[in-house]
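Residue-level listing of the chains:
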Amino acid sequence: MDYIKWLNIDNWWKVVLWLGVSLCIISLLFDIDIVSTKHLLGLSIGLIIIGLSMFGAQVNCVKLMPELHGYAQGHITRHNTITRICLIVGVILTVLFLVLIILRLI
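Here is what the cut-offs are and how they apply
- Residues numbered from 1 in each chain as written.
- Predicted model: local features only at pLDDT ≥ 70, side-chain atom pairs only at ≥ 80, totals over all residues.
- Heavy atoms only, no water.
- Phe/Tyr/Trp six-rings, centres within 6.5 Å; stacked < 30°, edge-to-face > 60°.
- Helix = DSSP H or I, 4+ residues; strand = E, 2+ residues; numbered from the N terminus.
- Buried < 20%, exposed > 50% of the residue type's maximum accessible area, 1.4 Å probe, protein only.
- Core = buried A, V, L, I, M, F, W, Y, C linked by side-chain atoms within 4.5 Å.
- Contact = heavy atoms within 4.5 Å.

K.L.:
Any chance you could explain the packing of aromatic side chains here in plain terms?
P.N.:
Each aromatic ring pair is described using two quantities: the centre-to-centre distance and the angle formed by the ring planes. Applying the stated criterion across every chain, the model contains one aromatic pair. On the numbers, 6.0 Å between centres and 50° between planes, the contact of Trp13 with Phe55 is tilted. Of this pair, Trp13 sits in helix α2 (residues 12-29) while Phe55 sits in helix α3 (residues 37-56), and the two are 42 residues apart along the sequence. The class of Trp13 is buried, set by a relative accessible area of 6%.

The following block contains the structure:
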């Protein structure tokens, strides 16, 4: 039962990416009467774009730490122009289709 370790969910954007993939699969496989399939697919595409743009912005950073007498290594987020544009498009799609889903439920 190591499914959680296999998914490797340790950041918020990985949760968003897997949520988008699962919503995309659900919208393509099942006929849901409560929400529109088109709106659910649009929401999932927006979430996938957000997750992929954050994944693309991750860079490996090595920093000299003289007080620790060594180096510190880790991943940081540095956006370039393409990842910023993808993040903005993903947020716009997510908000737009989430509002459409909520308006249709009311």
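K.L.:
Could you clarify how one ought to interpret the nonpolar core in this entry?
P.N.:
One broad rule of soluble globular proteins: the nonpolar side chains tend to lie buried together. Ranked by size, the top nonpolar core spans nine residues in total: Val16, Leu23, Val35, Leu40, Leu43, Leu47, Ile50, Phe97 and Ile101. When contributions to this core are tallied by element, the ones reaching two or more residues are α2, α3 and α4 (81-105). When residues in this core are grouped by element, the largest group, four residues, is from α3. In this structure Val16 touches Leu47, Ile50 and Gly51, once residues within four positions along its chain are discounted.

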